[in-house]
Amino acid sequence: MRISKLLAFILSLPKTFYFNLSAFPLNKAIKLPVFISYKTHIIEVHRGIISFSNSIRPFMVRIGEGGSPSLPTQKSSIRLQTGKLLFKGKAYMGAGTIINLKGNMTIGSGFSTNKNCFLSCTNEVNIGKNVLLGWNCHIFDDNGGHHVYYEGKEKKQNANDFAINIGDHTWLCSYSHILAGSSIGNDSILAYKSLLTTRITENNVLVAGLPAIIKARNINWSV
């Protein structure tokens, strides 16, 4: 049986209060800037990790609710171990969202995802404003701690080599993945089931493929 929106909201309030009291000092926590769905598993959260560049408003960030109703939903979870998570405005993350933070992530205003998106930041992830993610998108700026050797020698990399940058008004279509060290410019589209593994700095491009390359230029999109 489907739970009504009002009942889901009421059921989510205890977890929302708990999260805000855990993440913020009391004067900020009572404003409830982050809404957490009752279906979201809070694995770890510490004070001082989440911040906002603008004034705080109730429920300006919503995590773990909504999305295409016909899609199956994975378990939402939040694990904020260390690092910084900066929100520059409203953000909406659908049901099944998984957030794993150990690095520094910035999320621009107007950020929105469909169901089952995975946001993992160990080093640095910068997401522009008005970015849209379809369902089952992955943003992952780490290699899982593995060491890679080329002709018997380990390839040394610094944190900047892993940074991910996503431009303003960019649409990541469903099942698209962005891996460490990748970038995509403003007003661009990463096509369905594409894998971005490189830095694309041009704006207004359609990027597609496995690995993804520029397929078309002078494009734009709207909803």
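Just above sits the structure.
Remember, predicted model here, so these are calculated numbers, not experimental data.

Asker: Break down the overall build of the chain for me, citing the residues and quoting the values.
Answerer: Secondary structure assignment for the chain yields 2 helices and 24 strands. Radius of gyration (C-alpha) of the chain: 18 Å, near the 17 Å computed for a compact globule of 223 residues. Each of the three principal axes of the chain carries a C-alpha extent, and together these read 55 × 40 × 35 Å. Expressed as a percentage of its 223 residues, the buried residues of the chain come to 43%. Long-range pairs, those at least 24 residues apart, make up 40% of the contacts in the chain between residues at least 6 apart in sequence. Here the chain displays about 11400 Å² of accessible surface, and carbon together with sulfur accounts for 56% of that area. Charge separation in the chain, taken as the distance between the mean sites of 24 positive and 11 negative side-chain charges, equals 12 Å.

Asker: Please give an account of the nonpolar core that cites residues and values.
Answerer: Within soluble globular proteins, side chains that are nonpolar generally end up buried alongside one another. Grouped together as the largest cluster of nonpolar side chains are 45 residues, with contacts concentrated most on Phe19 and Leu80. If near-sequence neighbours (up to four positions away) are discounted, Leu80 is found in contact with Phe19, Glu44, Val45, His46, Ile49, Ile50, Leu85, Ile99 and Leu101.

Asker: Tell me about the sheet that holds strand β14 (residues 138-140), and please be specific about residues and values.
Answerer: Spatial strand order, β2-β5-β8-β11-β14-β19-β22: 7 strands in an open sheet with parallel pairing. Edge positions in the open sheet fall to β2 (41-44) and β22 (195-196), since each of these has one partner strand only. Pairing between β14 and strand β19 (residues 177-179): 3 bridges, direction parallel. Considered in β19, the bridge of Phe140 is made with Leu179.

Asker: I'd like a description of the environment of Lys5, backed by residues and values.
Answerer: Structurally, Lys5 is set in helix α1 (residues 5-23). The class for Lys5 is exposed, based on a relative accessible area of 78%.

Asker: So what about the sheet that holds strand β12 (residues 124-127)? Which residues, and what values?
Answerer: Ordered in space as β3-β6-β9-β12-β17-β20, the 6 strands form an open sheet in which the pairing is parallel. Each edge of the open sheet is held by one strand with a lone partner, namely β3 (50-52) and β20 (183-184).

Asker: Run through α1, naming residues and quoting values.
Answerer: Taking 1.5 Å as the rise per residue, α1 with 19 residues should run 27 Å; its terminal C-alpha atoms sit 25 Å apart, in good agreement. Taking the largest bend as the criterion, α1 deviates by roughly 40 degrees, centred on Leu13, and proline Pro14 comes between one and four positions later. Contacts made by the buried residues of α1 are with α2 (26-29), β1 (34-36), β2, β3 and β5 (77-80).

Asker: Got a sec to walk through the pairing of strand β8 (residues 98-101)? Specific residues and values, please.
Answerer: One ladder, built from 4 bridges, connects β5 with β8; its direction is parallel. For Leu80, the partnering residue across the bridge sits in β8 and is Leu101. Two elements, β8 and strand β11 (residues 118-121), share 4 bridges in a ladder whose sense is parallel. Within β11, the position partnered with Ile98 by the bridge is Phe118.

Asker: Account for the packing of aromatic side chains, naming residues and giving values.
Answerer: In this structure the tally under the stated criterion is 8 aromatic pairs. Residues Phe9 and Phe35 carry aromatic rings whose centres are separated by 5.7 Å and whose planes lie at 5 degrees to one another, so their mutual orientation is stacked. Of this pair, Phe9 sits in helix α1 while Phe35 is found in strand β1, placing the two residues 26 residues apart along the sequence. Judged by its relative accessible area of 28%, Phe9 is partly exposed. Between Phe9 and Phe59, the ring centres sit 5.8 Å apart and the planes meet at 85 degrees, which makes this aromatic pair edge-to-face. Of this pair, Phe9 sits in helix α1 while Phe59 sits in the loop between β3 and β4 (61-63), and the two are 50 residues apart along the sequence. Site record: aromatic cluster; members linked through ring pairs are Phe9, Phe35 and Phe59.

Asker: Summarise unusual backbone geometry; cite the residues concerned and give the values.
Answerer: The amide bond that connects Leu210 to the next residue, Pro211, takes the cis arrangement and shows omega of 5 degrees. Considering the arrangement of structural elements, one finds Pro211 in the loop between β23 (205-209) and β24 (212-217). Of note, Asn204 is a non-glycine position whose phi angle comes to about 55 degrees, a positive value. Position of Asn204 among the secondary structure elements: in the loop between β22 and β23. Here Asn218, not a glycine, exhibits a phi torsion of approximately 60 degrees, which is positive. Asn218 sits in the exposed class, given a relative accessible area of 77%.

Thresholds applied
Residues numbered from 1 in each chain as written. Predicted model: local features only at pLDDT ≥ 70, side-chain atom pairs only at ≥ 80, totals over all residues. Heavy atoms only, no water. Helix = DSSP H or I, 4+ residues; strand = E, 2+ residues; numbered from the N terminus. Rg over C-alpha atoms; globule rule 2.2 N^0.38 Å. Buried < 20%, exposed > 50% of the residue type's maximum accessible area, 1.4 Å probe, protein only. Contact = heavy atoms within 4.5 Å. Areas by Shrake-Rupley, 256 points an atom, 1.4 Å probe, with all protein chains shown as cover. Lys, Arg positive; Asp, Glu negative; His and termini not counted. Charge placed at Lys NZ, Arg CZ, Asp CG, Glu CD. Core = buried A, V, L, I, M, F, W, Y, C linked by side-chain atoms within 4.5 Å. Pairing = 2+ DSSP bridges. Expected span 1.5 Å × (residues − 1). Bend = angle between axes of the 7 residues up to and from the residue. Phe/Tyr/Trp six-rings, centres within 6.5 Å; stacked < 30°, edge-to-face > 60°.

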